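# Close look at the chain arrangement
The lines below spell out each chain.
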Amino acid sequence: MSDAEFVQIERRRNFTEDEFWQMIIALDARKWTNLLPPQLPLEDLPTKRTKSFVTPPDAPIPDCLTCGACCTFLFVVGVTATDDAPPENIWNVTDESGETIIDSYLQRDAETLFCTALETTADGKTPCGIYERRPQTCRKFEAGSDKCHALRRIYGFEPFLTVDEMLAAQQILKMKESNAISPDTIRDAKIVRQAETENFEIVAEMQNGVKKTIHAFDPQRESWRQFQFSGATFADVRRMFESENATEIDSVLS
Ligand code: SF4
Ligand code: SF4
């Protein structure tokens, strides 16, 4: 994807799923040009300090105001329908009709590829320009977690792990992989229009490939995003909907 093509895309608000993921794949290939290699698989590292296994518990917590590594690196930052992020900072993914939003993500800047809400100041600070309105996904990403430190190493803000530290972390990762993920965990979720009505269904794809309907809803009354359900267990999500307190979804899915 050329820079000119990306500038055109950045001005749009809505995409189909195909268009969105093709764009993200192209952007992801571009962003690595000036970055250092990740020493550990980023997708396997926790974003909560309490779940960290590489970072010592007493390690100092880095200062976000002079960093911004996660805001520049993570391209697919989900925004829920209940988040208050400004519309001009959001890309929406629609269903095939182009009318119903099934996913929303923070928009990227055409020049830097950073989150469009990230500001840079003359004194080298990188404040979030929508701090009070940043989505839950950003609020849950903890400074000082394993993933935070890994991203900072990629940007050269912190030294690489030593070989011993890296081997020890890889050993722990292997042990985690051997603890099989529960078959009740949702691998992916899709929001699909029901054939006979104007309603939608949230359909979960489970670890073994089996598809199960999580919930059916009227899009005039409820609004969900596909990304919210991946990684949660089917039982927890069903319990949440049955409790008729769907506002608790963030605690169920965190
Ligand atoms: S959470 Fe970590 S990576 Fe993100 S801005 Fe703060 S210190 Fe940097
Ligand atoms: S909304 Fe703010 S905290 Fe979230 S990625 Fe963008 S700049 Fe960072």
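Rules and cut-offs
- Residues numbered from 1 in each chain as written.
- Chains lettered and ligands numbered in written order.
- Predicted model: local features only at pLDDT ≥ 70, side-chain atom pairs only at ≥ 80, totals over all residues.
- Near = placed C-beta within 6 Å.
- Nonpolar A, V, L, I, M, F, W, Y, C, P; charged D, E, K, R; others polar.
- Pairing = 2+ DSSP bridges.
- Helix = DSSP H or I, 4+ residues; strand = E, 2+ residues; numbered from the N terminus.
- Axes fitted to C-alpha atoms, helices over the stretch in contact; angles between N-to-C directions.
- Contact = placed C-beta atoms within 7 Å.
- Domains from an automatic or database assignment.
- Buried ≥ 20, exposed ≤ 12 C-beta atoms within 10 Å, placed from the backbone.
- pLDDT = per-residue confidence, 0-100.

## Let's talk about the site of ligand 2
- Around ligand 2, the structure places Cys-71, Val-77, Leu-106, Cys-115, Ala-117, Leu-118, Cys-128, Ile-130, Arg-134 and Cys-138.
- For the shell around ligand 2, the per-class residue count stands at 9 nonpolar, no polar and 1 charged.

## Description of the sheet that holds strand β5 (residues 200–206)
- Sheet architecture is open: 3 strands sit in the order β4-β5-β6, paired in antiparallel fashion. At either margin of the open sheet sits one strand with a lone partner, and together these are β4 (186–193) and β6 (211–217). Adjacent strand axes in the sheet meet at a mean angle of 25°, parallel and antiparallel pairs treated alike.
- Pairing between β5 and β6: 6 bridges, direction antiparallel. The residue of β6 that forms the bridge with Ile-202 is His-215.
- Along the sheet face, helix α7 (residues 234–242) touches β4, β5 and β6 and points at about 20° away from the line of β6.

## Focus on the domain arrangement of the protein
- The assigned domain composition of the protein is domain 1 (3–178) and domain 2 (186–253).
- Between the C-alpha centres of domain 1 and domain 2 the distance comes to 24 Å.
- Examining the composition of the side of domain 1 that touches domain 2, we find that 3 residues originate from one element, strand β3 (residues 101–106), more than from any other.
- Classifying every residue of the side of domain 1 that touches domain 2 by side-chain character gives 2 nonpolar, 5 polar and 2 charged.

## With respect to the site of ligand 1
- Taken together, the residues surrounding ligand 1 are Pro-62, Cys-64, Cys-67, Gly-68, Ala-69, Cys-70, Phe-141, Ala-143, Cys-148, Leu-151 and Arg-152.
- Those elements that place two or more of their residues in the shell around ligand 1 are α3 (69–73) and α5 (146–154).
- The element best represented in the shell around ligand 1 is α5, accounting for 3 residues.
- Grouping the amino acids of the shell around ligand 1 by side-chain chemistry returns 9 nonpolar, 1 polar and 1 charged.

## Things to note about α5
- Across the 9 residues of α5, 7 count as buried, placing the element largely inside the fold.
- Among all positions in α5, only Asp-146, Lys-147, Cys-148, His-149, Ala-150, Leu-151 and Ile-154 are buried.
- Contacts made by the buried residues of α5 are with α3.
- With its phi angle positive at about 80°, Gly-156 sits one or two positions after the end of α5.

## What to know about the sheet that holds strand β1 (residues 14–16)
- Strand order across the open sheet formed by 3 strands is β1-β2-β3, with mixed pairing between neighbours. The open sheet has two free edges, formed respectively by β1 and β3, since each of these has just one partner strand. Taken over all neighbouring pairs, the strand axes of this sheet differ in orientation by 30° on average, direction set aside.
- The sheet strands contacting helix α2 (residues 17–31) are β1 and β2 (90–94), and the helix crosses β1 at an angle near 100°.

## Topic: the confidence of the model for the protein
- Per-chain confidence: the protein averages 91 in pLDDT, with 94% of residues scoring 70 or above.
- Across the protein, the element-wise mean pLDDT spans from 51 in helix α8 (residues 249–253) up to 98 in α5.

## Details of the environment of Ser-145
- Here Ser-145 is to be found in the loop between α4 (136–140) and α5.
- What makes Ser-145 buried here is the crowd of 23 C-beta atoms within 10 Å.
- For Ser-145 and Pro-57, which are 88 residues apart along the polypeptide, the C-alpha to C-alpha distance reads 9.6 Å.
- When neighbours within four sequence positions are excluded, Ser-145 is seen to be in contact with Pro-46, Thr-47, Lys-48, Arg-49 and Ser-52.

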